[in-house]
Amino acid sequence: AGDAYGTVEEGGPLRGVLVIASDASSSSSDNNGVQHPSPEPLVPQGDDTPSKSLTVGSSYEWNANNAGDGLANTDMYGLPTAYVTDVNTANYLRSVASEQSAAIISKGSGDGSSTTSVTATASNAAAYPSIVSEFNYYMGPDEVDAKKCLGWKDADGEWSPRCAPLGGNSVWSVAGSPLALGYGGESDNANDNEDGGENGANNSNRPVILLATSIDSTSMFHDLSPGANNAASNTLTLLLAAQLVGSSVKDDVLDSLYGQIVFGFFQGESYGYIGSRRFLKDVLEGFQCTEGNEGVPSVYKKKDEANTQRGCLHPLRADLTFQNLGQVRGMIAVDQVANLGGSKNLYVHGGAATDGESGYAGFLSEVIVELSASDEGGYVAQASSVQDQEDDDGVSPLPPTPLSSLVQLSSSAVGGVVLTGYDDVFVANSLYHSHLDSASSKYQTIDKDAIASAATLIARTAIAAAYQDANNEVDSETASNYASQLIPEPVSSSSATFTTLYKCLFEDGNCETFLSYGTVERTNDALRTGSDLGMGVPLGTPPSYYTSIYDSSNGQAFLRASGKYYGSLMVDEAGKDTEPVKKYGVDDEDVFLVRPSLLEMSIFGLLNNYLGRGSFVEQSEDGSEQDAPALATCKSTKDCSSVSYCNLESSSSTTPTCAGGSCVCGARSHYHPALDEALTAAANVGTGMFEIGEEDEGISALYTEPYWSNYVGVRVYNDAGNTPGVYASSLGAVFALACIGFVWRFKKTMVKEKVY
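Residues numbered from 1 in each chain as written. Predicted model: local features only at pLDDT ≥ 70, side-chain atom pairs only at ≥ 80, totals over all residues. Heavy atoms only, no water.

Once that is clear, we can look at the overall build of the protein chain. Across its full length, the protein chain holds 16 helices and 23 strands. Within the protein chain, the proportion of its 756 residues that are buried is 51%. Nonlocal contacts in the protein chain, meaning residues at least 24 apart in sequence, comprise 78% of its contacts between residues at least 6 apart. Put simply, the protein chain shows about 33,200 Å² of open surface, and 50% of that area lies on carbon and sulfur atoms. (Helix = DSSP H or I, 4+ residues; strand = E, 2+ residues; numbered from the N terminus. Buried < 20%, exposed > 50% of the residue type's maximum accessible area, 1.4 Å probe, protein only. Contact = heavy atoms within 4.5 Å. Areas by Shrake-Rupley, 256 points an atom, 1.4 Å probe, with all protein chains shown as cover.)

Across the sheet, 8 strands lie side by side as β12-β11-β13-β10-β6-β7-β5-β19; this open sheet has mixed pairing. Only two strands of the sheet have a single neighbouring strand rather than two, namely β12 (380–383) and β19 (669–675). On average, adjacent strands in this sheet sit at an angle of 25° to one another, irrespective of strand direction. Seen against the sheet, helix α8 (residues 274–284) touches β5 (167–174), β6 (208–214), β7 (260–266), β10 (328–335) and β19 and runs at an angle of roughly 110° to β19. Contacting β6, β7, β10, β11 (345–350), β12 and β13 (416–420), helix α11 (residues 448–467) runs over the sheet at an angle of about 175° to β10. (Pairing = 2+ DSSP bridges. Axes fitted to C-alpha atoms, helices over the stretch in contact; angles between N-to-C directions.)

Attention now moves to a negative patch on the surface. On the surface, Glu366, Glu370, Asp475 and Glu477 cluster together to form a negatively charged patch. Here Glu477 shows up in helix α12 (residues 476–486). (Patch = residues over 30% accessible without salt bridge, like charges linked within 9 Å, V, L, I, M, F, W, Y side chains within 5 Å. Salt bridge = Lys/Arg side-chain N within 4 Å of Asp/Glu carboxyl O. Lys, Arg positive; Asp, Glu negative; His and termini not counted. Charge placed at Lys NZ, Arg CZ, Asp CG, Glu CD.)

The next subject is helix α14 (residues 512–529). Here α14 contains 18 residues, and its C-alpha end-to-end distance of 25 Å stays within 8% of the 26 Å for a straight helix at 1.5 Å per residue. Along α14, the positions that sit buried rather than exposed are Phe514, Tyr517, Gly518, Val520, Glu521, Asn524, Ala526 and Thr529. Two residues or fewer after α14 comes Gly530, characterised by a positive phi angle close to 85°. (Expected span 1.5 Å × (residues − 1).)

What follows is about the sheet that holds strand β15 (residues 564–566). Read from one edge of the open sheet, 3 strands run β15-β14-β16, paired in antiparallel fashion. Looking at strand neighbours, the two that pair on one side only are β15 and β16 (591–593), the edges of this open sheet. Strand-to-strand, the axes of this sheet are offset by a mean angle of 30°, without reference to chain direction.

What follows deals with the side chain of Ser430. As for its placement among the helices and strands, Ser430 is situated in the loop between β13 and α11. A distance of 3.1 Å separates the side chain of Ser430 from the backbone oxygen of Val427, its partner in a polar contact. Those residues in contact with Ser430 that lie beyond four places of it in its chain are Asn66, Asn229, Gln336, Asn339, Asp437 and Gln444. (Polar contact = N/O pair within 3.5 Å; in protein donor to acceptor, adjacent residues only side chain to side chain.)

Right, let's talk about the packing of helix α6 (residues 228–248) against helix α15 (residues 598–611) for a bit. Direction vectors running N to C along α6 and α15 enclose 25°, while the axes themselves pass 7 Å from each other. As summarised for this structure, α6 and α15 are arranged roughly parallel, according to the angle between their axes. Here α6 contributes Thr235, Leu239, Ala242, Gln243, Gly246 and Ser247 to the contact with α15, which in turn contributes Ile603, Leu606, Leu607, Tyr610 and Leu611. For the contact of α6 with α15, the residue count by class is 7 nonpolar, 4 polar and no charged. (Parallel < 35°, antiparallel > 145°, perpendicular 65-115°, else oblique. Nonpolar A, V, L, I, M, F, W, Y, C, P; charged D, E, K, R; others polar.)

Take the packing of aromatic side chains next. One pass over the full model with this rule turns up 22 aromatic pairs. On the basis of an interplanar angle of 15° and a centroid distance of 4.3 Å, the ring pair of Tyr502 and Phe506 is categorised as stacked. Taken together, the residues span about one helical turn, with Tyr502 and Phe506 both in helix α13 (residues 496–507) at a distance of 4 residues. Taking the relative accessible area as the measure of exposure, Tyr502 reaches 8% and is therefore buried. Overall, the relative accessible area of 6% leaves Phe506 in the buried class. Judged by centre distance (5.5 Å) and plane angle (90°), the ring pair of Phe616 and Tyr645 falls under edge-to-face. One end of the pair, Phe616, is in the loop between α15 and β17 (656–659); the other, Tyr645, is in the loop between α15 and β17, and 29 residues separate them in sequence. According to the relative accessible area criterion, Phe616 is buried, its value standing at 12%. A connected cluster of aromatic rings, assembled from ring pairs, spans Tyr60, Trp62, Tyr422, Phe426 and Tyr432. Across the ring face of Tyr379, the terminal group of Lys344 is positioned such that the distance to the ring centre comes to 5.1 Å. Its end group placed over the ring of Tyr502, Lys448 keeps NZ or CZ at 4.3 Å from the ring centre. (Phe/Tyr/Trp six-rings, centres within 6.5 Å; stacked < 30°, edge-to-face > 60°. Lys NZ or Arg CZ within 6 Å of the ring centre and 35° of its normal.)

Opposite charge on two side chains lets them pair, provided their charged atoms get close. Considering all chains together, one arrives at 9 salt bridges under this definition. Between Asp532 and Arg522 there is a salt bridge, with the nearest N and O atoms lying 2.9 Å from each other. Here the residue Asp532 occupies a position in the loop between α14 and β14 (558–561), and Arg522 occupies one in helix α14, the gap between them amounting to 10 residues.

This part is about the side chain of Glu677. By the element assignment, Glu677 lies in the loop between β19 and β20 (679–681). A polar side-chain atom of Glu677 sits 2.4 Å from a polar atom in the side chain of Arg277. With sequence-adjacent residues up to four places away left out, Glu677 is seen in contact with Arg277, Arg278, Lys281, Ile699 and Ser700.

Below, the discussion takes up empty space enclosed by the protein. Scanning all chains against the criterion turns up 7 cavities of 30 Å³ or more. Of the pockets and cavities examined, the largest cavity occupies roughly 130 Å³. Every residue lining the largest cavity is counted, 16 residues in all, and those nearest its centre are Ser214, Glu269, Asp335, Pro400 and Tyr432. Looking at the lining of the largest cavity, the elements with two or more residues in it are α6 and β10. Broken down by class, the residue content of the lining of the largest cavity amounts to 5 nonpolar, 8 polar and 3 charged. (1 Å grid on protein atoms, 1.4 Å probe; cavity = no way out; pocket = protein on both sides within 12 Å on 5 of 7 lines; lining within 4 Å. Points joined across faces, edges and corners; volume = space filled by probe spheres on them.)

Before going further, it helps to examine a nonpolar patch on the surface. Together, Phe742, Val743 and Phe746 give the surface a local cluster of nonpolar side chains, amounting to about 340 Å² of exposed area. Mapped onto the fold, Phe746 is located in helix α16 (residues 723–752). For Phe746, a relative accessible area of 46% translates into the label partly exposed.

With that out of the way, let us pick up the environment of Val249. Within the element layout of this structure, Val249 appears in the loop between α6 and α7 (251–256). Taking C-alpha positions, Val249 is 8.6 Å from Gly176, a pair spaced 73 residues apart along the chain. Sequence-distant contacts of Val249, defined by excluding residues within four places in its chain, comprise Leu254, Ile463, Leu486 and Ile487.

Applying the stated rule across the entire model yields 6 disulfides. A sulfur-sulfur distance of 2.0 Å marks the disulfide that ties Cys289 to Cys312. Classification of the bridge connecting Cys289 and Cys312 rests on its S-S torsion, roughly 100°, and on that basis the disulfide is right-handed. You can see Cys289 sitting in the loop between α8 and β8 (296–297) and its partner Cys312 sitting in the loop between β9 (310–311) and β10, a full 23 residues away along the chain. (Disulfide = S-S within 2.5 Å.)

Below, the discussion takes up the packing of α6 against α11. At a minimum axis separation of 8 Å, α6 and α11 run at an interaxial angle of 50°. Taken together, α6 and α11 sit at an angle that is classed as oblique. Considering the relative orientation of α6 and α11, their crossing is right-handed. Facing α6, whose interface residues are Ser233, Leu236, Thr237, Leu238, Leu240, Ala241, Leu244 and Val245, α11 presents Ile451, Ala454, Ala455, Thr456, Ile458 and Ala459. (Left-handed = near helix turned anticlockwise from the far one by under 90°.)

Quick look at unusual backbone geometry now. Cis geometry marks the peptide bond from His314 to Pro315, where omega comes out at -10°. Note on placement: Pro315 falls in the loop between β9 and β10. Of note, the bond from Thr541 into Pro542 is cis; its omega dihedral lies within 30 degrees of zero at -5°. Topologically, Pro542 is positioned in the loop between α14 and β14. Of note in the backbone geometry, Asn429 takes a positive phi value of approximately 60° without being a glycine. Structurally, Asn429 can be placed in the loop between β13 and α11.

Encoded structure:
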């Protein structure tokens, strides 16, 4: 670019790139079967990327089948690049470009003299006025990195950050009775798991089997991240697995198992595993709250109520319930199961090599293979060939999923498996992290039955995993049979639940279902906290799964203390105005607040709904068995106060709650901040200000973006030239003179009549 056009810094003519939709015109070709390369590098989140230190097997080329060109990580010579999605605009730009180039060739093909060339250019400019593209993407000076822009100070020395970190909220939920919200003491806080099964009081402190996936995607064009074969299919698979577990197995059965099933939907995974690393560090390493691990009531006016949710003032956590989880025993992750390349083969990655051959991860791998043998749709899971390979560093590589976070953070003491639709490389033409990875794209193929089969496998494997005892003495066949008996019916791709969720996740992120769940969660939170923060940012139509910046409007939790808002709070230290901040709880209206995205709110509500149906009262007053009740309808949890079908004797945490318009038994869902592990919200100042933690090891990617606004983006329009401006100026001048003349004449008349 520098050689051909002059460098951007020196004022060269190349200022930006518009990419026109390849299939926007009916006359566009099908590229003769040529695949569309993935914009991710050959090694996603591996070598030569900011996340290379976070990935297990960082040199393995998972994206080799898609000719990964790494454009997503390319600076593009500092030029902003935008994608034209509007069909009419794209067609117009293409036709004008074709006609202009043809005219230049035709009119400039004379004797090749400069005079002929100039004449042709002038003639072409007259026939085709300029099309103007305004690129409003200021990214800051070249020398400013993430640390500098987060710590930016203005000319007066005031801290005024010029950017925000990427992030949002992860959502996690337990199967079985809800966890107690209160503080369980130091042993619970350390996430110990000495006891399992019925010995775990309040369903806490049992070994955790974490079912995990990412809920975000990306592409070269961030607002076009449809993620059909990753974020959308991953989220759908795990939600269907939760629905299958919740509708098939009662809470008392789940509570009696040695292990506890936990669903984790992690945000920001495409940018250094932000969500999974933050959550797992808090659980595995034992979160330490500055003011004491018992925390404070997240809604202070509810401090005297039983089972009140707790929060931590610094580092800020709006919900400390994760302290009551046991240690993670293993993970079952899912990735890219919507496009199997035309086959019916699913693959199991990880296994025995991920946990030092301790036996549990290998057991999980065997169970999935065992269970797939009975798949009615003919989908078969088999061990990936990558399990027997090692990268250049002698490490058995793992797909870029939350399992990498678990294995690395636990130093391979804890492992698991990843169920995928690919073997040793991503499926050819899978459009990994491409703007074309959409269910409506003619280049992508979505296998709904494969998603349903994967969801069934995940649900049954979770039951088998929880059934395994402390000494790994249950063989895979026995555990698989037990799981199949508890969950005899598979997920169907033609079911109402599948159809509804598919529409929301693949076609219309503003669907009625998501809006309904989001409205209920918004109302519930407003009634609980006394503050209505509004609906979260929607996915859009069609959906786009780019994570977000992390501020108070986009997922950052914050608190209100004595009428002031803080990103976190350290009592008795000076605030921004140099006055000592008041202690949390001085005002009864003190509260923790968070505004998640609509996707996060919907997942939160859906998990409460799907997993809240296992605690129904099974006997009527005369002792006879009764069928599952017809659920009461609601607009908020207060409408469920008179519900009598929840079994409060089994757990006080099964108090009825409203989820998606239905009263179910107990709230099981929780938010957890998805924020780069290096960052902490600064104390005693407003939101959007972050500090690098003292214990930061410098291995995280630390992605940031300039603040979003309505001015960010691209405008494309025809340059009408000077003529309209001349006409407008002339008309304005004539009108001004006419007004002056009218006023002068009117004043003269009034003077004459002696009324002025």
